[in-house]
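Structural characterization, general
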Amino acid sequence: MDNIKHIIESSRVPIIFHDMLDDWELFKWDLDKWDDIFKHQSLDCRKGRITCTKEPLWESKCLHESHSFSEVINMSKDIEKSGNWLYFDYKHIGETVDENIFKSISWKKFGYEYLGPKDSTLWIGSIGAHTPCHQDLYGINLVAQVHGKKRWILMPPEMGKYLKPSRVPYEESSCYSKINFSCPDNVKDIDDACRCVAVVLSPGDVLLVPHKWWHYVENLTTAVSINTWIQTPKYDNMARLNESVVRFMASSICSGVSKNIQSRLLNPNEIFSPSMIAESINFIEQSIKMIKNEENTADSKEPDSTSLNITKYQYKSYEPEQCLSKVELDTKYHRYNHTSSSFESDLNTDISHRLLDSLCNENVINQIVSNLIKID
């Protein structure tokens, strides 16, 4: 019999599981209940416009505003009038929201009994709220769709060559695509060889995003999602070394430019400090030791036979068979009011931007890491 934990950690394609988390209390909540839960709390949201530009709407170009949950709902209702969206995104439960409210969250049915509310993040957004296409460089992502519908466009790691990958804006463990997926015309220009999986999640669905798969995510309605990341030592130890080298590159360049340019090079959740360079070197040293220890330790563990049997649940795996340029991304909420961006042209001609992107190119980092590992 198949073991669910083994399937999650060995799958090389996305999987959607159905109705596995029926013991989570929050699946019973309607929007009125969610509104009541957050009636005494302001939500720190990103605010963006639904428009068509060549460059993605980076976080640094969004407004950051406090809103009530009801205002998020009303933004969806008034989207034709306002043309804006709100996103309370990537909020760690227990830090920005009360852990006790979400005590029913448990990932035990997927074989991870040690993962609960504190290991999960909350995503609440109105129609059109989205995350630019990117690649998570650590772990495996499990995403539970709790309320509403959310579209996911997923592409295997090897399709990155068609997606104009960039490490600017720099954020640890995230590599972004320079293509703005929220503007359908941009996607139509992508090489037909780029293949993808396009799915829409509904309440009760849990999506498995395999290691390093590219993804673009957009709310089709007011939507609530909760996710957790599964650590994968087999891949993560090497990824941490790569990311430590990237961080060294980013901090070295930022040390020689103005704060204004630093703000262009870094995602808002990354703040430069002079200690970043020394910290990066320390991380590199630690990561090399972990990899060498790993090489001396054979991993002979068999799948945990006590984990839940997956055969009693419905699930479906998805091969990347669709042509990305042919996927229908447009909805009535997308606008064709194309606008230019001075921010984009400034970055393309800024030497610090080009230098950081060049030094953090995957091939360059891989060669540096290979040389580091060879040195005893």
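Residues numbered from 1 in each chain as written. Predicted model: local features only at pLDDT ≥ 70, side-chain atom pairs only at ≥ 80, totals over all residues. Heavy atoms only, no water.

**Observations concerning the sheet that holds strand β16 (residues 322–323)**
Pairing between the strands of a sheet is mediated by backbone hydrogen bonds and can be parallel or antiparallel. Overall, antiparallel pairing links the 7 strands, which are arranged β9-β10-β6-β13-β8-β11-β16 in an open sheet. Edge positions in the sheet fall to β9 (165–171) and β16, since each of these pairs with one other strand and no more. Across 6 bridges, strand β8 (residues 150–155) lies against strand β13 (residues 214–219) in antiparallel orientation. In the sheet register, W152 faces β13, and the bridge partner there is V217. Those strands touched by helix α6 (residues 233–254) are β9 and β10 (174–177), and its axis lies near 70° from that of β9. (Pairing = 2+ DSSP bridges. Helix = DSSP H or I, 4+ residues; strand = E, 2+ residues; numbered from the N terminus. Contact = heavy atoms within 4.5 Å. Axes fitted to C-alpha atoms, helices over the stretch in contact; angles between N-to-C directions.)

**Some points on the environment of D32**
With respect to the secondary-structure elements, D32 resides in helix α2 (residues 31–37). Taking the C-alpha atoms as reference, D32 lies 31 Å from K61; in sequence the two are 29 residues apart.

**Some thoughts on the UniProt feature "domain: JmjC" (unreviewed entry) in the protein**
As recorded in UniProt, the sites labelled "domain: JmjC" (unreviewed entry) are residues 82–245. The distance from the first to the last C-alpha atom of residues 82–245 is 43 Å, and the span holds 12% helix and 45% strand. (UniProt positions renumbered as here; feature names shortened; annotations may be inferred.)

**Some thoughts on the pattern of salt bridges**
When the charged atoms of two side chains with opposite charge come close together, those side chains can pair. Throughout the structure, instances matching the rule amount to 13 salt bridges. Residue D357 is joined to K178 by a salt bridge in which the shortest nitrogen-to-oxygen separation is 3.5 Å. A residue pair is termed long-range when its members are at least 10 positions apart, and D357 in helix α10 (residues 351–359) and K178 in the loop between β10 and α5 (184–188) qualify at 179 residues. Judged by its relative accessible area of 14%, D357 is buried. The salt bridge partner of R247 is E270, with a shortest N-O separation of 3.1 Å. Here E270 lies in the loop between α7 (259–265) and α8 (276–295) and R247 lies in helix α6, a separation of 23 residues in the sequence. (Salt bridge = Lys/Arg side-chain N within 4 Å of Asp/Glu carboxyl O. Buried < 20%, exposed > 50% of the residue type's maximum accessible area, 1.4 Å probe, protein only.)

**With respect to the layout of surface pockets**
Where empty space is left can be seen by rolling a probe of water-molecule size over the atoms. Considered as a void within the structure, the largest pocket measures approximately 1,100 Å³ in volume. Its residues assigned to classes, the lining of the largest pocket shows 17 nonpolar, 18 polar and 13 charged. (1 Å grid on protein atoms, 1.4 Å probe; cavity = no way out; pocket = protein on both sides within 12 Å on 5 of 7 lines; lining within 4 Å. Points joined across faces, edges and corners; volume = space filled by probe spheres on them. Nonpolar A, V, L, I, M, F, W, Y, C, P; charged D, E, K, R; others polar.)

**Some points on the side chain of N242**
Secondary-structure assignment places N242 in helix α6. Classification of N242 by relative accessible area gives buried; the value is 17%. Not counting chain neighbours up to four residues away, the residues in contact with N242 comprise I365, N366 and V369.

**As for the pairing of strand β4 (residues 84–92)**
Burial runs high along β4: 7 of the 9 residues are buried. Both β4 and strand β5 (residues 120–125) contribute to a ladder of 4 bridges, which runs antiparallel. The residue of β5 that forms the bridge with H92 is T121.

**Side note on the sheet that holds strand β12 (residues 205–209)**
Read across the sheet, 9 strands follow the order β3-β2-β4-β5-β14-β7-β12-β1-β15 without closing on themselves; strand pairing throughout is antiparallel. Strand pairing shows two members of the sheet lacking a second neighbour, β3 (63–67) and β15 (314–317), which therefore form its edges. Strand-to-strand twist across the sheet, computed as the mean angle between neighbouring axes with direction ignored, equals 25°. The pairing of strand β1 (residues 15–18) with β15 spans 4 bridges and is classified as antiparallel. Looking across to β15, one finds that I16 is bridged to K316. Lying on the sheet, helix α3 (residues 69–77) is in contact with β2 (43–49), β3, β4 and β5; it crosses β4 at an angle near 140°.

**Overview of unusual backbone geometry**
Across the junction of V168 and P169, the peptide omega takes the value 5°, indicating a cis bond. Looking at the secondary structure, you find P169 in strand β9. Phi is positive for K212, close to 70°, though the residue is something other than glycine. With respect to the helices and strands, the residue K212 is situated in the loop between β12 and β13.

**Some points on the nonpolar core**
In terms of nonpolar packing, the biggest core is built from 39 residues, with W34, F102, W107, F110 and L122 touching the most fellow members. Residues V168, L241, V245 and I288 belong to the second largest nonpolar core, which totals 21 residues. (Core = buried A, V, L, I, M, F, W, Y, C linked by side-chain atoms within 4.5 Å.)

**Observations concerning the confidence of the model for the protein**
Looking at the protein as a whole, its pLDDT mean stands at 90, while 90% of the residues score no less than 70. Every residue in residues 300–308 scores below 50 in pLDDT, and together they form 10 contacts with partners more than four places removed in sequence or on other chains. (pLDDT = per-residue confidence, 0-100.)

**Description of the state of the cysteines**
If you walk through the whole model with that rule in mind, you get 0 disulfides. In this structure C323 is a free cysteine whose sulfur lies 7.7 Å from that of C196, the closest cysteine sulfur available. Using a relative accessible area of 13% as the deciding quantity, one classes C323 as buried. For the unlinked cysteine C360, the closest cysteine sulfur is that of C175, found at 9.5 Å. (Disulfide = S-S within 2.5 Å.)

**Digging into the side chain of S11**
Mapped onto the secondary structure, S11 falls in the loop between α1 (4–10) and β1. Sequence-distant contacts of S11, defined by excluding residues within four places in its chain, comprise L208 and P210.

**Remarks on α8**
Quick reminder: α-helices carry 3.6 residues per turn. Residues three or four places apart thus point the same way. Relative to the 28 Å expected for 20 residues at 1.5 Å per residue, α8 spans 28 Å between its end C-alpha atoms, a close match to the ideal helical length. Those residues of α8 that fall on the buried side of the exposure criterion are M276, S280, I284, S287, I288 and I291. Along the long axis of α8, the arc covered by the buried residues comes to 120°, so they all point the same way. Exposed positions of α8 whose direction lies more than 90 degrees from the buried face are A278 and K289. Turning to α8, the residues buried within the fold contact α6 and α11 (362–374). (Expected span 1.5 Å × (residues − 1). Arc of directions from axis to C-beta.)

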